[in-house]
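Below, each chain spelled out in residue letters.
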Amino acid sequence: MTQALKSQRRSRFGAWPWIGPAILMILVVVVWPAFEMARTSFQNVDMTGTNKGWAGIRNYQTLLRNPDLHGVLIRTIIWVFGVVLVTTLVSLPIAQLLNSNFPGRKVVRWATIVPWAASVVMTATAWKWILDGFYGVMNNVFIDLHLIKEPVDWLGTPKQAFLWLMIVGVFVSIPFTSFVILAGLSTIPHDILEAAKVDGASGWAAYRTIIFPLLRPSLMVAAVINLINVFNSFPIIWVMTTGGPGYETDTTTTLAYKISFRDQDIGQSASMATVNFLIILVFIIAFLKVSKWREQSE
Amino acid sequence: MKKVMRRTAITAVFGLIATAALGVTTSTAASQVELKMVAADYANMQPFWDDLSAKFTAANPGIKVSVNVVSWDTIDDKVKTLIATGQTPDIVNKGDYSAPAAAGLLYKASEMVSPSTLADIVPTFLNNSMYNGVAYAVPDLASARALFYNKDILAQAGVKTLPTTWTELEKVLKQIKAKVPGVYPYAIPLGPEEAQAEFAIWAGGNGGRMFANGKWTLNSPKNIATMAFLKKLTDEKLTQPNPAKCDRTACAQTLFAAGKAAFINGSVFLPSWLTANGGAKIKLGSGSFVHGPAQKAVTLGVQDYFTAYKANNHQAEITKFMDFIFQPANYAAFLKAAGGFIPATKSAGTIAAKDPALAPFIKLLPSAIFYPGDQASWPAVKGAIQQSIGTATISDPKKVMNALQAKALAAK
Amino acid sequence: MTVLAISKKKKRFTGKKVALTIAGWSLGLIFIAPYVEMVLTALKPKEEITAIPATYLPNTWTWSNFIGVWKEIPLATYLKSSFIISLSATVIVIFVAVPAAYYVARNRFRGRTAFLLLVLITQMFSPTALVVGIFREVVAFKLVDTYIALIVIYAAFNMAFSIWILSGFFASIPTDIEEAAWIDGCSRFKTLTKVVLPLALPGLVTAFIFTFIAAWNEFVIALTLTSTPAHEPLTVGLTSLIGQYQVQWNYLFAGSLIAIVPVVILFALIEKWLVGGLTAGSVK
């Protein structure tokens, strides 16, 4: 490191002026309420929202005794990994495509941002209407294409509905992921690509050995953010199936909501929310370890 | 140099934010009382409430009323959050009252309105606003349900008389299925939107109740039999597929409006809903609900409530505003804004009885059953029913009802 | 030889380009298909929206839905609120995240990993879980039903992503460029703004869009913290079209579609900076 940077590090206030504001905002807006949430999970809260005192681990015990929890946990894992994996795999070629030169590329880029720009509630509502068994357009299209004979209730059975939920999850995640990768692609200097061509590597080989490794930082960011957002995703499932029938399409996030606002059990819901946080924390740490984040960022 | 600049800039920004924050805390005049109200949104109610509170402040200078109109599916959360953070509102207009009543948070109905207003409330509705024998809420309006049918479909199927019992119903539905293809004989919505209403109607017709003799009776033999009957109808394809996923408005009523269902359990303003949603051409007939073997026909009454919270000690002002709402002209405007409901007062009721759309429902009210809204745990039980009762039609009714009963008993 | 060269130049429609064009346009169509369907639905009169079976095109083109929604609810006010809140939150994020990301990228200071993890952890909480605690704080600061509360909250919630992506971009810029600028006599501040930031522009643009969209579409916190139409953003305001027994679908769809327009316009304006950066050849 050069002298200039070294002197910066030895400055009197150190990192504080740089990262201080960020830390302050995060502490006030996120950390303190998170603390509150964890605290509530140990409280006895009645149906009106009034705190009735310490409850120990009773809320957690009730939660663990919830018969639907097991299925919900499994479904959550499938939901998170399925959606993020497919999104990442599909976004890579899409980013390449958006980076290539073809007529109308600008318009296609604008079209790609629409699912990101639209609120997820709106997108989920649109899909719900399209997939409706009675007046949805999807049935019309399939019947007109002679793929099916009778209207199908696409969100009718739990497994089929869950598949469609995952498809919509991928649909809303692709634009963001593609643009992060696209931003990453644009930082790859042309000289490196030129040099590769000169060396005789082209197409797939160039992609695999040169471009993809340079995309790692972007992919990491996109994957981590997607893992978190998909885990916390609420509107898609809620709007399209409300986690039903029963609890058959619920994830841990929608279940937490149901415990709070259907079962009116705020304490148990706070314990679910705390457990949710621990789950995603474990996911992310495991992911970062597996993808050797620390090595890579040194 | 840069370091100092940065620190100054950041301090300045935070200083600005702090000043803005402090600047917001303007103090109001000492003699001004502000009533905070949260009201459910029947149908774009904000203009009505804004207008009414302006009129009230003009007549009562010194009392300001701010009304926060919230949609039905978020009002429960909003009120709960307000209470949980010490921001308890003064008046709340929504669909239940028993939980805060049980927690001792509410004024009694007699403390909320003047005696003359209270005397004008229809006794049936006031009786359904009680907790432990004392009225803790003032009903705002009500609706009743009736059986509706598509006259054309019944004529096409050759059905001459309306079924009154379950056995007759099954026969008629099979007849319709055979004679009129492409139509679902009965649209039964057991999806989360209002499954508790659909259940209450069918169960009530079989003599079953959700709560009776001081305890929850969700898994009573009669109720299990009712769900078994509905499962039978579903299995025999006499209903639309998947009742558990069918919500009342988006699914059942929509099917009916498109002429794809013969029977439906509907509310007092189904006719106007149909006209506005593509069902104007449906020739509508109505009658009483079917009942189980050796039972009587019932109808379901649903009402909503005004509740007043003690937290801010504004009893005098609250009473003034509540009486203002119930002044005949204002109350009539309220009913008009909400659209098509049955009034909760006797005086407005006599006027409504002349309305041909409302008259038959008002006549049915004496035989109406209501939700066990006076039970503190009713909101939780309602939530559980909405969530899972539909699954009884695709799995084992006894297991589902037992699970619901367990949830009801566990709810505090 | 020359003939071949000329014919190669004229051959603009290579197989590869055609394939790319078809793929690109198909992709674009897939992404806007559900929204086109919404537009068509929003152009149907209320009675036709739930017709069975569904109609592809409206039988009656009801353009008045898009006009009526402005009168039915104070849509213009909601748009204004959303815009002020989202833009302010985004600006704050950029101003706070850039220094933090830059420092993290250039320095191996003692709490670095802890800081990055703290920042990441904050993104893991769903706002629904934190809303009660947040509301308590807002009440304590007497900021209920204000823009500033939402602005600060949204800025804090989106800090993590911006810091992560910006620090990645800053780290990928070789230090030689900065040192060259210092040697040439540029001040640290000028180097940051005139040399480093332009090279990290794609990252800045991505952070900007991410934060703006997140703030624009946020619902739960806005719902809890606002109570008058004057301060409600679009997401909350549109729910007033959802009555107890009647949903005004035609206006709801029209309003939701109108809500997408500002974001797409914003994106169209700054999209060109998403590509650029090091391709400008500034290394030389």
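Residues numbered from 1 in each chain as written. Chains lettered and ligands numbered in written order. Predicted model: local features only at pLDDT ≥ 70, side-chain atom pairs only at ≥ 80, totals over all residues.

1. Some words on the overall build of chain B
Here comes step 1: Summing up its helical and strand segments, chain B has 19 helices and 14 strands in all.
Here comes step 2: Projecting the C-alpha coordinates of chain B onto the three principal axes gives extents of approximately 85 × 65 × 45 Å.
Here comes step 3: Evaluated residue by residue, chain B yields a buried proportion of 53% over its 412 residues.
Here comes step 4: The contacts in chain B between residues at least 6 apart in sequence include a share of 75% that link residues at least 24 apart. (Helix = DSSP H or I, 4+ residues; strand = E, 2+ residues; numbered from the N terminus. Buried ≥ 20, exposed ≤ 12 C-beta atoms within 10 Å, placed from the backbone. Contact = placed C-beta atoms within 7 Å.)

2. As for the overall build of chain A
Here comes step 1: For chain A, the count of helices and strands is 15 helices and two strands.
Here comes step 2: Considering only C-alpha atoms, chain A reaches an extent of 70 × 70 × 30 Å along its principal axes.
Here comes step 3: Residue burial in chain A is summarised as follows: out of 298 residues, 49% are buried.

3. Observations regarding the interface of chain C and chain A
Here comes step 1: Between chain C and chain A, the contact holds 84 residues from the first and 74 residues from the second.
Here comes step 2: Ranked by the residues each element gives to the side of chain C that touches chain A, the list is headed by helix H2 (residues 15–42) of chain C, at 15 residues.
Here comes step 3: Looking at the side of chain C that touches chain A residue by residue, the classes come out as 56 nonpolar, 21 polar and seven charged. (Nonpolar A, V, L, I, M, F, W, Y, C, P; charged D, E, K, R; others polar.)

4. Regarding the interface of chain B and chain C
Here comes step 1: Contacts between chain B and chain C engage 37 residues on the former and 31 residues on the latter.
Here comes step 2: Per element, the largest residue contribution to the side of chain B that touches chain C is seven residues, and it comes from helix H1 (residues 2–24) of chain B.
Here comes step 3: In the side of chain B that touches chain C, the residues fall into 17 nonpolar, 15 polar and five charged.

5. Concerning the domain arrangement of chain B
All names here are of chain B.
Here comes step 1: According to the domain assignment, chain B consists of domain 1 (33–143 + 302–369) and domain 2 (144–301 + 375–410).
Here comes step 2: Computed from C-alpha atoms alone, the centre-to-centre distance between domain 1 and domain 2 is 29 Å.
Here comes step 3: Here the side of domain 1 that touches domain 2 is built from residues that sort into 14 nonpolar, six polar and one charged. (Domains from an automatic or database assignment.)

6. Remarks on the nonpolar core
Here comes step 1: Residues Ala-97, Met-159 and Leu-166 of chain C are the most contacted members of the largest nonpolar core, which totals 307 residues.
Here comes step 2: Apart from the residues within four sequence positions on either side, Met-159 of chain C is in contact with Ala-22, Met-25 and Ile-26 of chain A together with Val-93, Val-96, Ala-97 and Val-119 of chain C. (Core = buried A, V, L, I, M, F, W, Y, C linked by C-beta atoms within 7 Å.)

7. Topic: the confidence of the model for chain A
Residue and element names in this part refer to chain A.
Here comes step 1: Averaged over every residue, the pLDDT of chain A is 85; the share at 70 or more is 92%.
Here comes step 2: The least confident element of chain A is helix H1 (residues 3–9), whose mean pLDDT is 49; the most confident is helix H4 (residues 69–99), at 93.
Here comes step 3: A low-confidence stretch, residues 6–10 stays under pLDDT 50, and its non-local contacts, those more than four residues away or across chains, total three contacts. (pLDDT = per-residue confidence, 0-100.)

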